[in-house]
Amino acid sequence: MVKRKGLRLLVPAALLAVCLMLSDAGNAGTASRAVGDLDGDGRPEEYSLVGHSLTVTEEKQVIWRSDRDWRVDSFALGDVNNDGTDDLILALWKTGSFGALRPFWQTGEDVSYKNHLFVFGFKGDAVKSVWCSSDLDRPIVSFAVRDTDGDGLYELVVEEGQYRRVAGERYALAPDSPSRTTVWQWDEWGFRMKRPEE
């Protein structure tokens, strides 16, 4: 994601399932499940979120698991960029904003622990990253995918919270802070805010 002030996210279309949980540093996580055939082979995959770890299985065989250093709070299955192909969308917490490839202006260690939005899709029978955000300016409390304006394209409707500093550069969702709802549309390579939700 190219970072702007605010949230630049992904827009799932043709949503198959949305599974939501709150993020809190001490929360053990709630189990969530969804079924979809994102690889299009006629055999549905099962998506299971337990203890902030997401596992994808097909016919009881594990085909993908989220990175052990991520804290996955919620996921959805849907066409995030309105291209006719369903993807896997994750709201997660992790250390580092940019990963191994950093922009030239990023110097020093990348140690912040904040909220991110990642999108994965199938390439053949393997799960591959499609798009990954840097640190979000406001953490995701929950999200849903729907066509909010009847134009035939799906938008990402996000309830955004606020961060609270836990220690150093480690942040969590501030549980009692005010939240806001925003609507985002896929725009070639990232998201632009369409409007705050009325």
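One structure accompanies this document, and this report is about it.

Cut-offs and rules
Residues numbered from 1 in each chain as written. Predicted model: local features only at pLDDT ≥ 70, side-chain atom pairs only at ≥ 80, totals over all residues. Heavy atoms only, no water. Helix = DSSP H or I, 4+ residues; strand = E, 2+ residues; numbered from the N terminus. Buried < 20%, exposed > 50% of the residue type's maximum accessible area, 1.4 Å probe, protein only. Contact = heavy atoms within 4.5 Å. Areas by Shrake-Rupley, 256 points an atom, 1.4 Å probe, with all protein chains shown as cover. Pairing = 2+ DSSP bridges. Axes fitted to C-alpha atoms, helices over the stretch in contact; angles between N-to-C directions.

Some details on the overall build of the protein chain
Counting its secondary structure elements, the protein chain contains 0 helices and 15 strands. Classification of the 198 residues of the protein chain by burial places 49% in the buried group. Sequence separation of 24 or more characterises 50% of the internal contacts of the protein chain that already satisfy a separation of 6 or more. Roughly 9700 Å² of accessible area belongs to the protein chain as shown, and the carbon and sulfur atoms make up 49% of that amount.

What about the pairing of strand S6 (residues 71-79)?
By the criterion of burial, S6 is predominantly enclosed, with 9 of the 9 residues buried. As paired strands, S6 and strand S7 (residues 87-95) are joined by 7 bridges and run antiparallel to one another. Each residue of the ladder has a partner; that of Val72, found in S7, is Leu92.

What to know about the sheet that holds strand S3 (residues 45-50)
Read from one edge to the other, the open sheet built from 4 strands follows the order S2-S3-S4-S5, with strand pairing classed as antiparallel. At either end of the open sheet lies a strand with only one pairing partner, and these are strand S2 (32-36) and strand S5 (61-65). Sheet twist, expressed as the mean angle between neighbouring strand axes with direction ignored, is 25°. When S2 meets S3, the two strands line up antiparallel, connected through 5 bridges. In the sheet register, Ser32 faces S3, and the bridge partner there is Leu49.

Topic: unusual backbone geometry
Although it is not a glycine, His52 adopts a positive phi angle of roughly 70°. Along the chain, the position of His52 falls in the loop between S3 and strand S4 (53-58). You can call His52 buried: its relative accessible area is 5%. In the Ramachandran plot, Glu188 falls in the positive-phi region, its phi being about 65° despite a non-glycine side chain.

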